[in-house]
Amino acid sequence: MNMLNGKVAFVTGTASKRGMGRAIALRLAREGADVVVTDKYPAPKSLFPGDEGWKGLEAEVAEIEAMGRKALAIAFDVAKSNEVESAVASALEKFGKIDILVHCAAIRGPVNTPLVEHTEKDWRDCLEVNVLGTFFISKAIAKHMIQRNQGGKILIFASMAGTHGVKGSSAYCASKYATIGLVKSLALELAPYHINVNAINPGAIITNLRDAAFAKMAQEQGISWDEARERDYKMMSANIPWGRLGTVEEVADLALFLVSDQSTYITAETIGITGGLI
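Residues numbered from 1 in each chain as written. Predicted model: local features only at pLDDT ≥ 70, side-chain atom pairs only at ≥ 80, totals over all residues. Heavy atoms only, no water.

Chemist: Kindly report on the layout of surface pockets, identifying the contributing residues and their values.
Modeler: Within this model, the second largest pocket holds a volume of roughly 360 Å³. Around the second largest pocket sit 21 residues that line it, and Gly152, Lys153, His194, Asn196 and Thr264 are the ones nearest its centre. Looking at the lining of the second largest pocket, the elements with two or more residues in it are β5 (152-157) and β6 (195-202). Its residues assigned to classes, the lining of the second largest pocket shows eight nonpolar, eight polar and five charged. (1 Å grid on protein atoms, 1.4 Å probe; cavity = no way out; pocket = protein on both sides within 12 Å on 5 of 7 lines; lining within 4 Å. Points joined across faces, edges and corners; volume = space filled by probe spheres on them. Helix = DSSP H or I, 4+ residues; strand = E, 2+ residues; numbered from the N terminus. Nonpolar A, V, L, I, M, F, W, Y, C, P; charged D, E, K, R; others polar.)

Chemist: Can you explain the packing of aromatic side chains? Please cite residues and give values.
Modeler: Using the criterion set out here, one finds five aromatic pairs in the structure. Consider the rings of Phe135 and Phe136, whose centres lie 5.4 Å apart with planes at 45°: the pair is tilted. Judged by its relative accessible area of 36%, Phe135 falls in the partly exposed class. Pairing Phe214 with Trp225 gives two aromatic rings, centres 6.0 Å apart and planes at 75°, and the pair type is edge-to-face. Linking Phe214 in helix α6 (residues 211-221) with Trp225 in helix α7 (residues 225-237), this pair joins segments that are 11 residues apart in sequence. Its relative accessible area of 1% is what places Phe214 among the buried residues. When its relative accessible area of 13% is taken as the criterion, Trp225 is described as buried. Through successive ring pairs, a cluster of aromatic residues spans Phe48, Phe214, Trp225 and Tyr233. Lying over the aromatic face of Phe95, Lys94 brings its terminal NZ or CZ to 5.5 Å of the ring centre. Sitting over the face of the ring of Tyr172, Arg108 holds its NZ or CZ atom 4.4 Å from the ring centroid. (Phe/Tyr/Trp six-rings, centres within 6.5 Å; stacked < 30°, edge-to-face > 60°. Buried < 20%, exposed > 50% of the residue type's maximum accessible area, 1.4 Å probe, protein only. Lys NZ or Arg CZ within 6 Å of the ring centre and 35° of its normal.)

Chemist: Break down helix α8 (residues 248-259) for me, citing the residues and quoting the values.
Modeler: The first and last C-alpha atoms of α8 sit 16 Å apart over 12 residues, in line with the 16 Å expected at 1.5 Å per residue. Regarding α8, the residues found buried are Val248, Val251, Ala252, Leu254, Ala255, Leu256, Leu258 and Val259. Elements in contact with the buried residues of α8: α1 (20-30), β4 (100-103), β5, β6 and β7 (270-273). (Expected span 1.5 Å × (residues − 1). Contact = heavy atoms within 4.5 Å.)

Chemist: Explain the nonpolar core to me, and be specific about the residues and the numbers.
Modeler: Within the largest apolar cluster, 35 residues are counted, with the highest numbers of intra-cluster contacts made by Phe10, Ile137 and Ile154. Counting only elements with at least two residues in this core, the list comes to β1 (8-12), β3 (71-75), α3 (81-95), α4 (120-148), β5, α5 (170-190) and β6. Per-element accounting of this core gives the leading share, seven residues, to α4. In this structure, Phe10 is in contact with Val36, Thr38, Phe76, Ala87, Val88, Ala91, Ile98, Ile100, Leu101, Val102, Ile137 and Ile141, ignoring residues within four places of it in sequence. Counting residues in hydrophobic clusters, the runner-up holds 33 residues, among them Val11, Ala25, Val37 and Ala252. (Core = buried A, V, L, I, M, F, W, Y, C linked by side-chain atoms within 4.5 Å.)

Written as structure tokens, this is what we have:
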């Protein structure tokens, strides 16, 4: 359909092979957008069997260019304002504009860990990456969009943990509740400039986000990493009305709708994609 022809998208958190960021970057490119792909680490390791040798941002640039679109890879830490400013400047230097921001970068923090066992560092890391990082990247790109005065789309990834508590994940939940508050406020501020600001709240999606948690489970239970993952997926699927976990491609379809002209009158919303779980 090429509904994004002529658009430039800046997508964070794209380097994980099975991540939502990569799926979204490729989906936007297939619809005609040139894409800036970014992450803190250029090629994060994936523990899924067969993912050895994944080249991360380098591979994504090749994938996007193979579609006939332009791409730029930038490695930077979203929790550091100076690196955010530099990354946005590099994107503008190459493409001259940014029409779309999709901010996927985040960290999970401790999983299945009671609040009384969390450390100050656990909380600071979650808040710095998930909240301050969202503030830094939103501010930098919103300033450009306001100055350009051609509208724009900002899509922030929150979580169902931003609307419902999750036992053992208090730091992550707190950060995602804060992220939704930021989205709601920013949407009102940018509406006069015809810049849409929305959030997606994913539920249980098959990604690399919990790779380390599965490794811990495997060690504790004396089983393989893959067995730990499959057990967890089976347990989670039993609680999902749709009967399975979601895919990154399904998330990418929703993201495409929210950054396209088909969602012009939607702003300040948090939209869940949970298979009916929430």
